[in-house]
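# Secondary and tertiary structure notes
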Amino acid sequence: MTAHDIWAPLRHELDRWQTAGKTVRFWLRDDDAIEPTSALEQLLKLTADAKVPLTLAVIPASTGEPLAARLGDAQQVLVALHGWSHTNHAGPEEKKQELGAHRPPEVVLGELRDGLAILRRLFGPRFISMLVPPWNRINGALIAKLPAVGLETLSVYGAAKADSPIRLLNTHVDIMNWHGVRGSRPQDELIADVVRELRARFDDDGEPIGILTHHLVHDENAWAFLSDLLIETRAHPAATWTSSEALVEA
Ligand SMILES: [Zn+2]
């Protein structure tokens, strides 16, 4: 315990949940996996040590047997579909999108179907039929068509929309800063975000809180935040980490 304990706000909020007899569900999604790397090793070790389930959003066009072999004994890991090749089809003035309205729906859905076949073959029972759109963006007109392709759940960023035509399992706290200087966000700011998400759920026990990471671009601060978050929450009786599979089945 340090004099300047930046985790105290989270601990206090979790204490409030515990006093009220409530438990919050966290889940962890990490994007852009393709192959085994030292960064992936770090993520796998961290989650295995903390016994925290991890959902890896894997890019099907670029992945292959080495990742499948590496995840073979990583019991805490599930795999989700991360678009097709993580290619931007939007114009220079637009936000980046692979699954936008820039191409005919049948082309985009065809790629997703191909991606599903690859991930099912490589990862077998580790694969969960969940789509994580690159850049968290997808043409709204495609969403209702996903179940027919074999995708039962969609995971994007932000509060889940109540009128979604498909099951949503979203993320809410992105530990990286994608604007300006790329890097991780300050830890006190991230902790405040997690506390805000907790407060928003205190009265109605809403959707699980999704933490979003990108192991390939983590700096030391990002790793430290994630490690400390897992330690803080694992040690607290009011917090649980749940696999995406268990959450979508609930
Ligand atoms: Zn991505």
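It should be emphasised that the depicted structure is a prediction, and the values quoted were computed from it without experimental measurement.

The rules we used
Residues numbered from 1 in each chain as written. Predicted model: local features only at pLDDT ≥ 70, side-chain atom pairs only at ≥ 80, totals over all residues. Heavy atoms only, no water. Donors = N, O, S within 2.8 Å, 3.2 Å for Na, K, Ca; no water. Helix = DSSP H or I, 4+ residues; strand = E, 2+ residues; numbered from the N terminus. Axes fitted to C-alpha atoms, helices over the stretch in contact; angles between N-to-C directions. Parallel < 35°, antiparallel > 145°, perpendicular 65-115°, else oblique. Contact = heavy atoms within 4.5 Å. Nonpolar A, V, L, I, M, F, W, Y, C, P; charged D, E, K, R; others polar. 1 Å grid on protein atoms, 1.4 Å probe; cavity = no way out; pocket = protein on both sides within 12 Å on 5 of 7 lines; lining within 4 Å. Points joined across faces, edges and corners; volume = space filled by probe spheres on them. Expected span 1.5 Å × (residues − 1). Buried < 20%, exposed > 50% of the residue type's maximum accessible area, 1.4 Å probe, protein only.

## Overview of the coordination of the zinc ion
Binding of the zinc ion to the protein goes through D32 (OD), H82 (NE2) and H86 (NE2), at separations of 2.0 to 2.1 Å. Between consecutive donor residues of the zinc ion, the sequence gaps follow D-x49-H-x3-H. Here D32 is found in strand β1 (residues 24-33), whereas its partner H82 is found in the loop between β3 (77-81) and α4 (105-123), with 50 residues between them in sequence.

## Side note on the packing of helix α2 (residues 38-50) against helix α8 (residues 220-234)
At a minimum axis distance of 10 Å, the contact between α2 and α8 shows a crossing angle of 10°. Considering the angle they form, α2 stands roughly parallel to α8. Listed contacts from α8 to A39, Q42, L43, L46 and A50 of α2 are W223, L226, S227, L230 and R234. A breakdown of the residues in the contact of α2 with α8 according to their chemical character gives seven nonpolar, two polar and one charged.

## Some details on the layout of surface pockets
Remark: the empty space left among the atoms is shown by a probe the size of a water molecule rolled over them. Roughly 740 Å³ of volume is contained in the largest pocket. Taken together, 21 residues form the lining of the largest pocket, with W135, N136, R137, D174 and W178 sitting closest to its centre. Looking at the lining of the largest pocket, the elements with two or more residues in it are β1 and β8 (176-177). The residue makeup of the lining of the largest pocket, split by class, is six nonpolar, seven polar and eight charged.

## Re α4
Along its 19 residues, α4 runs 26 Å from first to last C-alpha, staying within 8% of the 27 Å computed at 1.5 Å per residue. Every buried residue of α4 is accounted for by V108, L109, G110, E111, L112, G115, L116, L119, L122 and F123. The inward-facing, buried residues of α4 abut β2 (54-58), α3 (65-71), β3, β4 (127-131), α5 (140-143) and α6 (146-149). Taken from the residues just after α4, G124 is the one with a positive phi, measuring 50°.

The quantities given are spatial measurements derived from coordinates; they are silent on function.
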